[in-house]
Amino acid sequence: MIVIMRSNAPQSSLDRVIATIKQNHLRPHVSEGAERVIIGIIGDDRQINAQLLECLPDVEAVVPVLTPFKLASREFHPEPLLIRLDNDVVIGGNELTIMAGPCAVESREILDTTAQAVHQAGASILRGGVFKPRTSPYSFQGLGEQALDWLAAVGKSHHMPIITEVMAPDQVQKVADKADILQIGARNMQNFNLLEAVGETRRPILLKRGPSATLDEWLLAAEYILARGNEQVMLCERGLRSFDRKYTRNVLDVSAVPVLKSLTHLPVIVDPSHAVGKWEWITAVSRAAIAAGADGLIVEVHPQPEIALSDGRQSLLPKRFDSLMVEVDRIARAVGRSVRVDRHQTVPEFVPAEVLS
Ligand code: PEP
Ligand code: MN
């Protein structure tokens, strides 16, 4: 249930509602919008009588929340969430946020070259995996804490906040000490202990969609993080597993973007790299994502994809990433948004990524 207060309801009326919720052994969640305050009721709200709340002063309406997730729902939180990071990066606003970098941090030099290139092209956040979830135990597993230090140092030197994946609860604290955003990978979307552990931090979380998760399952996974008090969660669509894996790695669910926008206030990011799995299709799919209303992209870029230790096949060369940024900015403007411009160089000439040799 949510309690919608009249506009300009005084604090004393809010306090009465909050006290009544607490007396019924439930938890109030106050969301202050531009117009009015909405108080969500967390817990099994069948225990509370809606009429009791309706009779309190300045209560305009008491309405049931129809979705299984509450803190993640638009009903609880009608205004879109803005996540603010260092370097004036705001995720979820009118400007799109582009995160880019290698799949895995392999060496400080490769990371530095990549960071320099993606920053120049207009990316505002540097990505790089240090703990890698690999299908095979024999594949490269990431360089761990050494790589985290390189990521932090390189991010700092290019004035870019950093994002990296955490795979286990015992990694959370050390990664949260150094990374600006913690990523929960697709394979861990329903690792509830891990979700609770990142929910205890106050770092923004990028929660990837599980390869076969429904939207409700995904939003309930977000709810685990929100319920622990970490309100800064963004969702990342990265493609679903389907029957035809010959040409693309996964199937990007573009329709998830507008549906999520209607269901939740959380920003929606699209990962075209893991969705399609081949660099050729990444620009086209990125255009679609932005046209559909995504708040940003997370893209894999590598200066020498042929020697990459993971996901080289889907990694864009820096020049192709430049071209992607130009195209995405055009689509963004067509839908009333823009790519955050932080470039110190002139916009490169447009060349379709597919024809660059
Ligand atoms: C990644 O971002 O490198 C990654 C492993 O992604 P996903 O969890 O979507 O497979
Ligand atoms: Mn990858």
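Residues numbered from 1 in each chain as written. Chains lettered and ligands numbered in written order. Predicted model: local features only at pLDDT ≥ 70, side-chain atom pairs only at ≥ 80, totals over all residues. Heavy atoms only, no water.

Caption draft 1: Just the coordination of the manganese ion (ligand 2), in detail. The manganese ion (ligand 2) binds to the protein through Cys103 (SG), His274 (NE2), Glu300 (OE) and Asp311 (OD); the donor distances cover 2.0 to 2.4 Å. Written as a sequence motif, the donor residues of the manganese ion (ligand 2) are C-x170-H-x25-E-x10-D. One end of the pair, His274, is in helix α9 (residues 272-276); the other, Glu300, is in strand β14 (residues 296-300), with 26 residues separating them in the sequence. Note on His274: relative accessible area 8%, which makes it buried. Residue Glu300 is classed as buried on the basis of its relative accessible area of 1%. (Donors = N, O, S within 2.8 Å, 3.2 Å for Na, K, Ca; no water. Helix = DSSP H or I, 4+ residues; strand = E, 2+ residues; numbered from the N terminus. Buried < 20%, exposed > 50% of the residue type's maximum accessible area, 1.4 Å probe, protein only.)

Caption draft 2: Looking closely at the confidence of the model for the protein chain. Within the protein chain, residue pLDDT values average 94, and 95% of them lie at 70 or more. A low-confidence stretch, residues 343-348 stays under pLDDT 50, and its non-local contacts, those more than four residues away or across chains, total 10 contacts. (pLDDT = per-residue confidence, 0-100. Contact = heavy atoms within 4.5 Å.)

Caption draft 3: The arrangement of unusual backbone geometry in detail. We note that His25 has phi near 60 degrees; this positive angle belongs to a residue other than glycine. Note on placement: His25 falls in the loop between α1 (11-23) and β2 (27-32). Exposure remark for His25: the relative accessible area of 71% places this residue in the exposed category. Even without being glycine, Asp311 reaches a positive phi, approximately 55 degrees. Its place among the elements puts Asp311 in the loop between β14 and α11 (318-334).

Caption draft 4: Spotlight on the nonpolar core. Within the largest apolar cluster, 92 residues are counted, with the highest numbers of intra-cluster contacts made by Ile91, Met99, Leu207 and Phe321. Sort the elements by how many residues they give to this core and helix α7 (residues 215-227) lands first, with 7 residues. When residues are assigned to domains, this core turns out to be shared by domain 1 (2-63) and domain 2 (83-356), each giving three or more. If we skip the residues at most four places from it in the chain, Met99 touches Ile91, Ile125, Ile163, Ile181, Leu206, Met234, Ile269, Leu297, Ile298 and Val299. (Core = buried A, V, L, I, M, F, W, Y, C linked by side-chain atoms within 4.5 Å. Domains from an automatic or database assignment.)

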